[in-house]
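Take a look at the letters that make up each chain.
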Amino acid sequence: HVKYFRAPDDHRPIAIFIGGEFDEFDKFPPFMESEGEMRHVREAYDIADPVLERTTKAHITDNSWPLQIIVLERNPGGTTLPHYHVPTEALPDLPTRHQVLICQSGKARVGIFTRQGRPLGEVIMRANDVMLLLEGHEVEFLERGTRLIEIKQGPFPGTDADDKVDLKVTAA
């Protein structure tokens, strides 16, 4: 399943949780309108029916975001042509650097906060769960051997103190 955390004042997205058992492809279909787009998908992914992409590929994030999360599920033999991705516009000037957490093993509690320190909730991450964090968060490891992979926008500013802003938590 997918769970969105939004700021109560302006409903901006703060975090997105994607459970490891995700199967809601029909709620997040890729955008394919023209015959040209269909032809590209047919050729790039070596599939006869591009409409099947709507049941095997989910675009979780808004297309305008600087980090995109896409869930792919393919049968054995599914392929893509060799490729890389190019920016079509400059990255937006954002107040935070976006971060992805992937739970490889174990269990961790992730608390979600606005930049102003307002708590919005929490999730328990388990193996194969993914989170996109756009603003404040805290992590508590709950089991021995818990392993999280953290992916965030760079470059790293040099020190941990320069990399983050510690929040003063407010009342919900």
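Small disclaimer: the values here were computed from a predicted structure and weren't measured.

**Observations regarding the overall build of the chain**
- Each helix and strand in the chain was counted, giving three helices and ten strands.
- Put simply, the chain runs from its N terminus to its C terminus through helices and strands in the order β-β-α-α-β-β-β-β-β-β-β-β-α.
- In terms of overall dimensions, the chain has a C-alpha envelope of 55 × 40 × 35 Å along the principal axes.
- Across the 172 residues of the chain, 33% fall into the buried class.
- A separation threshold of at least 6 residues defines the contact pool for the chain, and within that pool the share at least 24 residues apart is 64%.
- In the form shown here, the chain has an accessible surface area of approximately 11,200 Å², with 52% of it arising from carbon and sulfur atoms.
- For the chain, the separation between the mean place of its 20 positive charges and that of its 28 negative charges on side chains is 5 Å.

**A few points about the packing of aromatic side chains**
- Evaluation of the coordinates by the stated rule reveals two aromatic pairs.
- Look at Phe 22 and Phe 25: their rings are 5.1 Å apart centre to centre, the planes differ by 75 degrees, and that puts the pair in the edge-to-face class.
- The exposure class of Phe 22 is buried, given its relative accessible area of 9%.
- Among the residues examined, Phe 25 registers a relative accessible area of 5% and is labelled buried.
- An angle of 45 degrees between the planes, with centres 6.1 Å apart, marks the rings of Phe 22 and Phe 28 as tilted. The same class applies to Phe 22 as to Phe 28, namely buried.
- Connected via pairs of aromatic rings, a cluster forms that spans Phe 22, Phe 25 and Phe 28.

About the criteria used
The numbers attached to residues start from 1 for each chain and follow its sequence in the written order. The predicted origin of the model limits local features to residues at a pLDDT of at least 70 and limits the giving and counting of side-chain atom pairs to 80 or more, whereas totals for whole chains, interfaces and linings rest on all residues. Values reported for side chains reflect all heavy atoms of the structure, with hydrogen atoms and water molecules removed beforehand. Here a strand is any run of E in DSSP of at least two residues, a helix any run of H or I of at least four, and the numbering for each starts at the N terminus. Partly exposed describes any residue whose relative accessible area lies between the buried limit of under 20% and the exposed limit of over 50%, with all areas from a 1.4 Å probe on protein chains only and scaled to the type maximum. In this analysis, two residues are considered to be in contact whenever any of their non-hydrogen atoms come within 4.5 Å of each other. Only the protein chains shown count as cover for residues, and all accessible areas are computed by the Shrake-Rupley method using a 1.4 Å probe. Charge convention: Lys and Arg are scored as positive, Asp and Glu as negative, and His as well as the terminal groups of each chain are ignored. All charge positions are set by atom: Lys at NZ, Arg at CZ, Asp at CG, Glu at CD. Stacked, tilted and edge-to-face are the three classes assigned to paired rings of Phe, Tyr and Trp, where Trp is represented by its six-membered ring and a pair needs centres within 6.5 Å; plane angles under 30 degrees give stacked, over 60 edge-to-face, the rest tilted.

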